[in-house]
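Residues per chain, in single letters:
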Amino acid sequence: ASAKIGAYPFTTLEPNLGVLKGKVIADIPGLIEGASEGKGLGHKFLKHIEKVKLLLHCISAESEDPLADYKTIHNELKKYNKELLEKEEVILLTKSDLVAEKNLEKIIKALSKTKNKIIPISIHDCESIQGLVKLLNQ
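About the cut-offs
Residues numbered from 1 in each chain as written. Predicted model: local features only at pLDDT ≥ 70, side-chain atom pairs only at ≥ 80, totals over all residues. Heavy atoms only, no water. Helix = DSSP H or I, 4+ residues; strand = E, 2+ residues; numbered from the N terminus. Buried < 20%, exposed > 50% of the residue type's maximum accessible area, 1.4 Å probe, protein only. Areas by Shrake-Rupley, 256 points an atom, 1.4 Å probe, with all protein chains shown as cover. Core = buried A, V, L, I, M, F, W, Y, C linked by side-chain atoms within 4.5 Å. Contact = heavy atoms within 4.5 Å. Polar contact = N/O pair within 3.5 Å; in protein donor to acceptor, adjacent residues only side chain to side chain. Salt bridge = Lys/Arg side-chain N within 4 Å of Asp/Glu carboxyl O. Pairing = 2+ DSSP bridges. Axes fitted to C-alpha atoms, helices over the stretch in contact; angles between N-to-C directions.

## Regarding the overall build of the protein
- A count of helices and strands for the protein gives four helices and five strands.
- Every one of the 138 residues in the protein was classed for burial, and the buried ones make up 33%.
- For the protein, the accessible area works out to roughly 9,200 Å², and carbon and sulfur atoms hold 54% of it.

## Details of the nonpolar core
- With 11 residues, the main nonpolar core is built from I59, A61, L67, Y70, I91, L93, V99, L104, I107, L111 and I118.
- In terms of residue count, helix 3 (residues 101–111) provides more of this core than any other element does, three residues in total.
- Ignoring sequence-local partners within four residues, the contact set of I118 consists of I91, I108, L111 and S112.
- Of all hydrophobic cores here, the second largest spans seven residues; its members include V90, L92, I119 and L136.

## Digging into the environment of A110
- Structurally, A110 can be placed in helix 3.
- Through-space distance from the C-alpha of A110 to that of P66 is 8.2 Å; in sequence the pair is 44 residues apart.

## Focus on the side chain of E89
- Structurally, the position occupied by E89 is in strand 4 (residues 88–94).
- Of the polar contacts made by the side chain of E89, one reaches the side chain of H57; its length is 2.6 Å.
- There is a polar contact of 2.9 Å between the side chain of E89 and the side chain of Y70.
- In this structure, E89 is in contact with L54, L55, H57, Y70, H74, N116 and K117, ignoring residues within four places of it in sequence.

## Re the pattern of salt bridges
- Applying the stated criterion to the full structure yields two salt bridges.
- Residues K95 and E62 are paired through a salt bridge, measuring 3.7 Å at the closest nitrogen-oxygen approach. With a gap of 33 residues between them, K95 in the loop between strand 4 and helix 3 and E62 in the loop between strand 3 (54–60) and helix 2 (66–80) connect regions that are remote in the sequence.
- The exposure class assigned to K95 is partly exposed, which follows from its relative accessible area of 37%.
- According to the relative accessible area criterion, E62 is partly exposed, its value standing at 45%.
- K79 is paired through a salt bridge with E76; the nearest N and O atoms lie 3.8 Å apart. A residue pair is termed a helical-turn pair when its members lie 3 or 4 positions apart in one helix, as K79 and E76 do in helix 2 at three residues.

## A closer look at the sheet that holds strand 4
- Strand order in this open sheet of three strands is 3-4-5, and the pairing throughout is parallel. The open sheet is flanked by strand 3 and strand 5 (117–120), the only strands paired with a single partner. Strand-to-strand twist in this sheet, taken as the mean axis angle between neighbours without regard to direction, amounts to 25 degrees.
- Relative to strand 4, strand 3 runs parallel, the two being bridged by seven bridges. Within the sheet, the bridge partner assigned to C58 lies in strand 4 and is L92.
- Relative to strand 3, helix 2 is tilted by about 145 degrees, and along the sheet it contacts strand 3 and strand 4.

Structure below.
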């Protein structure tokens, strides 16, 4: 995939597809509040989510309120199609290298209320990337 990047809440404007050991991985654009009603990229991309087996929520560790970020997307999925909530979900806490360990622990504790697996990840931490690859190969 060759996604454009920048300092935005999300950067994917078109779905990007890649293959990891025979499995198709889709990078679906960040959804915003109101997406279930067609706001932003809305229905254009929510329909793609219905086809996946696993949802990876990428939430920045730099966010002011990562739990609220998760809840916003969770609520949009619920409004769009309640069956989406039955899919396995994993939260990828991105940019984990940019926050202090103590703050990272607080964020993980707050996100643990979601009952999802939470994986701190950074492009600068090869171990975290390999852990994600291992998870995706299960």
